[in-house]
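Survey of secondary and tertiary structure
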Amino acid sequence: MTATIEFQPATEDDFERLLELRIRVLRPHLERVGRFDPERARRYFRAGYDPTHLRLILVDGGFAGCVALRPAGDGLELEHFYLDDAMQGRGVGGAVLARLTGEADAAGLPVRLGVLKGSPAARLYTRHGFVWTHDEPYDDYYLRAPGG
């Protein structure tokens, strides 16, 4: 990947744009499991929207997605990792994940995340050292120890 990837802090003003991205990216996966509901998506994202730890992902200066890496218990939680469809399959997700896990490794902290069952994103996470820990009715959960 030769593109330049940068992070920019998210703000409250980014909520609608990031909600639209979340719905667009997750819709086919949520429809697959019979859970797509735009109003539930809005409530869920609103409840967890905290710009303090949310970053916009810029590729060559243009908006490409978002991700959050926030303190949680004895480690960090990766959440709200959404990439625009045009960025998928180009190595952007792997590059972003490598930077975030590098931050966690430097701090000596594990990273946890949840992903919708059957999501192709699970392959990306396992390639980066995440190990399945458990599941719930709609999600699988993973952990990456420091140094992955």
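Notes on the structure in this doc start here. (Residues numbered from 1 in each chain as written. Predicted model: local features only at pLDDT ≥ 70, side-chain atom pairs only at ≥ 80, totals over all residues. Heavy atoms only, no water.)

Moving on, we come to the overall build of the protein. Helix and strand counts for the protein come out as 4 helices and 7 strands. Going from N to C terminus, the protein has its helices and strands arranged as β-α-α-β-β-β-α-β-α-β-β. Since a compact globule built from 148 residues should have a radius of gyration of about 15 Å, the 15 Å found for the protein is in line with a globular shape. Projected onto its principal axes, the C-alpha coordinates of the protein cover approximately 40 × 40 × 30 Å. Out of the 148 residues in the protein, the part that is buried amounts to 39%. (Helix = DSSP H or I, 4+ residues; strand = E, 2+ residues; numbered from the N terminus. Rg over C-alpha atoms; globule rule 2.2 N^0.38 Å. Buried < 20%, exposed > 50% of the residue type's maximum accessible area, 1.4 Å probe, protein only.)

To continue, consider the sheet that holds strand β7 (residues 139-144). Reading across from one edge, β1-β2-β3-β4-β5-β7-β6 is the order of the 7 strands in this open sheet, with mixed pairing throughout. The sheet terminates laterally at β1 (5-9) and β6 (131-135), the two strands that pair on one side only. In this sheet, adjacent strand axes meet at a mean angle of 30 degrees when their direction is disregarded. Pairing of β1 with strand β2 (residues 54-59), which is carried by 5 bridges, proceeds in the antiparallel orientation. Each bridged residue has a counterpart across the sheet, and for Ile-5 the counterpart in β2 is Val-59. Running at roughly 65 degrees to β1, helix α3 (residues 92-107) makes contact with β1, β2, β3 (62-72), β4 (75-83), β5 (111-116) and β7 of the sheet. (Pairing = 2+ DSSP bridges. Axes fitted to C-alpha atoms, helices over the stretch in contact; angles between N-to-C directions. Contact = heavy atoms within 4.5 Å.)

Another aspect to go through is the environment of Leu-26. Within the secondary structure, Leu-26 sits in helix α1 (residues 15-32). Look at Leu-26 and you get buried, because its relative accessible area is 19%. Along the primary structure Leu-26 and Val-115 are separated by 89 residues, whereas in three dimensions their C-alpha atoms are 11 Å apart.

Of note, Asp-37 is situated in the loop between α1 and α2 (38-48). C-alpha separation for the pair Asp-37 and Pro-51, spaced 14 residues apart in sequence, amounts to 23 Å. A distance of 2.9 Å separates a polar side-chain atom of Asp-37 from the backbone nitrogen of Glu-39. (Polar contact = N/O pair within 3.5 Å; in protein donor to acceptor, adjacent residues only side chain to side chain.)

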